[in-house]
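Letter by letter, the chains look like this.
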Amino acid sequence: MIHPPDVIGKYAPDAIIGKVGTGAAVAVAAPAAAGGKAAPLLEGKTRNWEKSEKNRKQRMDGEGKIGGWFGALAYMVLGFLKEILFTIVPQKNLVLTNDRVGLTRSAMFMFIFM
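Residues numbered from 1 in each chain as written. Predicted model: local features only at pLDDT ≥ 70, side-chain atom pairs only at ≥ 80, totals over all residues. Heavy atoms only, no water.

Caption draft 1: Local environment of the overall build of the protein. Looking only at helices and strands, the protein has four helices and zero strands in total. Listing each helix as α and each strand as β along the protein from the N terminus yields α-α-α-α. Of the roughly 11,400 Å² that the protein leaves accessible, carbon and sulfur atoms contribute 64%. (Helix = DSSP H or I, 4+ residues; strand = E, 2+ residues; numbered from the N terminus. Areas by Shrake-Rupley, 256 points an atom, 1.4 Å probe, with all protein chains shown as cover.)

Caption draft 2: Region of the structure containing a nonpolar patch on the surface. A surface patch of nonpolar side chains, about 930 Å² in accessible area, is lined by Ile66, Trp69, Phe70, Leu73, Tyr75, Met76, Val77, Leu78 and Leu81. If you trace the backbone, Met76 turns up in helix H3 (residues 68-88). (Patch = residues over 30% accessible without salt bridge, like charges linked within 9 Å, V, L, I, M, F, W, Y side chains within 5 Å. Salt bridge = Lys/Arg side-chain N within 4 Å of Asp/Glu carboxyl O.)

Caption draft 3: Region of interest: the pattern of salt bridges. Enumeration over the complete set of coordinates arrives at one salt bridge. Across the pair Lys57 and Asp61 runs a salt bridge, and its minimum N-O distance is 3.0 Å. In this pair, Lys57 and Asp61 are both assigned in helix H2 (residues 50-61), four residues apart and thus about one turn of the helix distant. As far as burial versus exposure is concerned, Lys57 and Asp61 are alike and both exposed. (Buried < 20%, exposed > 50% of the residue type's maximum accessible area, 1.4 Å probe, protein only.)

Right under this line is the structure:
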């Protein structure tokens, strides 16, 4: 047992609802006459995801706007630059002075260990 026996009664007395297996069976409500599993939940608000799925499949099957190994290298460099900019630039303690040793060091460590 993780807690002593009196913890629930002491700190959450309204959480005790009874012992397991001592309650009576609950009657299940009958489903509504109209509808079913295939019926939409909101009237008139259905979406056709066919175009979205087709576009996603086309996007995932392709290589991007730049193909081949050169494209892979270009996208890798762009990813590195994006991560570096998104990590360094939005910091609130960024003070622009002529002493940028700490900022340069942290950027180089991030670039090496990514």
